[in-house]
Amino acid sequence: MDKQTVVVLFGGRSSEHSISSATAGGVLAAIDRDRYDVIPVGITRDGAFVLEQDDPAKFALDAQSMPEVIDNGTRIRWPEAGGDRVLRVIVPDGSAVELGVVDVVLPILHGTHGEDGTIQGFFDILEIPYAGGGVLDSAMCMDKHFMKVALESDGIAVSPWVTVRQRAWRQDSASLRAAIAELGLPLFVKPARAGSSVGVSKVESLGELDAALEVAFAEDEKVLVETGIVGREIEVAILETADGVRASLPGEIVLTSRGFYDFEGKYLGGDGVDVVCPAEMSDAEIAAVQRVGVRAFEAVDGKGLARVDVFLTADGDIVVNELNTMPGFTPISMFPKCWIASGMSYGELITELIEGGLRR
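Residues numbered from 1 in each chain as written. Predicted model: local features only at pLDDT ≥ 70, side-chain atom pairs only at ≥ 80, totals over all residues. Heavy atoms only, no water.

- By the naming in an unreviewed UniProt entry, the chain is D-alanine--D-alanine ligase, taken from Microbacterium commune.
- Recorded in UniProt for the chain, the comment headed Subcellular location (unreviewed entry) runs: "Cytoplasm". (UniProt positions renumbered as here; feature names shortened; annotations may be inferred.)

Some remarks on the packing of aromatic side chains
- Applying the stated rule across the entire model yields seven aromatic pairs.
- Measuring from centroid to centroid gives 5.9 Å for Phe49 and Trp78, while their planes differ by 90°, and the two rings are edge-to-face. Of this pair, Phe49 sits in strand S3 (residues 49-51) while Trp78 sits in the loop between strand S4 (75-77) and strand S5 (86-90), and the two are 29 residues apart along the sequence. The pair Phe49 / Trp78 is uniform in exposure class, with both members buried.
- One aromatic cluster in this structure is built from Phe49, Trp78, Phe122, Phe123 and Tyr130.
- Above the ring of Tyr130, the side-chain terminus of Arg360 is found at 5.3 Å from the ring centroid. (Phe/Tyr/Trp six-rings, centres within 6.5 Å; stacked < 30°, edge-to-face > 60°. Helix = DSSP H or I, 4+ residues; strand = E, 2+ residues; numbered from the N terminus. Buried < 20%, exposed > 50% of the residue type's maximum accessible area, 1.4 Å probe, protein only. Lys NZ or Arg CZ within 6 Å of the ring centre and 35° of its normal.)

Here's the deal with the sheet that holds strand S6 (residues 96-101)
- Taken in spatial order, the three strands make up an open sheet running S4-S5-S6, and their pairing is antiparallel. The sheet terminates laterally at S4 and S6, the two strands that pair on one side only. Within the sheet, the average angular offset between the axes of one strand and its neighbour, ignoring direction, is 25°.
- Pairing of S4 with S5 involves three bridges; the strand directions are antiparallel. Within S5, the position partnered with Arg75 by the bridge is Ile90. (Pairing = 2+ DSSP bridges. Axes fitted to C-alpha atoms, helices over the stretch in contact; angles between N-to-C directions.)

A closer look at the side chain of Asp143
- Looking at where Asp143 falls in the secondary structure, it is placed in the loop between helix H3 (135-142) and helix H4 (144-153).
- One polar contact links the side chain of Asp143 to the main-chain amide nitrogen of His145, over a distance of 3.1 Å. (Polar contact = N/O pair within 3.5 Å; in protein donor to acceptor, adjacent residues only side chain to side chain.)

Focus: the sheet that holds strand S8 (residues 161-165)
- The four strands are arranged S8-S11-S9-S10 in an open sheet whose pairing can be described as antiparallel. Looking along the sheet, the strands with just one partner apiece sit at the ends: S8 and strand S10 (201-203). On average, adjacent strands in this sheet sit at an angle of 25° to one another, irrespective of strand direction.
- Two strands pair when backbone bridges link them, and strand S9 (residues 187-191) and S10 are joined in this way by three bridges, in the antiparallel orientation. Paired with Phe188 across the two strands is Lys202, which belongs to S10.
- Seen against the sheet, H4 touches S8, S9 and strand S11 (222-227) and runs at an angle of roughly 50° to S11.
- Contacts between helix H6 (residues 174-181) and the sheet are confined to S8, S9 and S11, with S8 contributing the most and set at about 160° to the helix. (Contact = heavy atoms within 4.5 Å.)

Some words on helix H10 (residues 334-341)
- Those residues of H10 that fall on the buried side of the exposure criterion are Met334, Phe335, Pro336, Cys338 and Trp339.
- Buried residues in H10 make contact with strand S12 (232-241), strand S13 (244-247), strand S14 (251-255), strand S15 (273-276), strand S16 (305-312) and helix H11 (346-359).
- Gly343 lies just past H10 and shows a positive phi near 100°.

Brief notes about the pattern of salt bridges
- Under the defined criterion, the tally for this structure stands at 21 salt bridges.
- The closest approach of N and O atoms between Asp210 and Arg177, which form a salt bridge, is 2.8 Å. With Asp210 in helix H7 (residues 209-217) and Arg177 in helix H6, the pair connects residues that are 33 residues apart, well separated along the chain.
- Relative accessible area serves as the criterion here: at 30%, Asp210 is assigned to the partly exposed category.
- Here Asp309 and Arg307 are joined by a salt bridge, their closest N and O atoms 2.8 Å apart. Each member of the pair Asp309 and Arg307 is classed as buried. (Salt bridge = Lys/Arg side-chain N within 4 Å of Asp/Glu carboxyl O.)

Structural data, given as structure tokens:
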């Protein structure tokens, strides 16, 4: 059969640039080359679209070397809506080179300008098919405040929270402090619109609150302060397939010595945390988490994929922590691990995502 051309888009302007680049390494290594022609396009930290090397090893992630997209002087020129769908690159001497007709984009971008609906809107305007979340679900799940509002309105349990805007905190913190005190301890303080646990702090006493807020405000002027839920940290992978929305076997984040599942634990293989999939759960618990995962996905008008993170309490209650519409695909990431445990290979998972984009 004729190959289709996939643009693998990664990097970006957010604090999660390196995670996106590392995800690209995994995807470039595993994508079905018999089925797809691949054009790797990177976005530099300054926002330039450049033609990247098709070399998975260049984007390996380890504690000593955080991969990134470097400005190599090339500039991608996207096809205009209603045009020929040919992707072009301007090379450093100023000439234009045709790269091929784009069939679909696989945007594996995390954070601002990638996972927040903006790049999705860009491709909607250009009329270029893309895999993964759409504008609405991406924007809503990137903003944890509105994600909680949407889930709560659909009858899905979320942890109690107070939203703190930086200006309000600077002007009059007294009423906010009172509301936060009612949440109980411990607390989690997190930027409303950041991911990968960037800027997140665990607060064991109210005396630690101000410092935690400053860390979070460095990422976003809107911050959530949440009640810490005591329970198992369970994650379920959701995938929109030709046969409908599917939920994987759940996995579990097991903290052995780390205070919470932070950046180092997620991506650098830090000590004190184990990512276990499938989780040791009863059939009834598995089915309940899968049902909640699919309900949460549908409550935010989910498209393509999501990872739904929940707490499973000792009483059997399921509390949704958050949805991630472009979860990491690094070798130790939960999303691919859950699907591999459910019988789908890494390469097959990428194919499912791309085919979903083509269907839309």
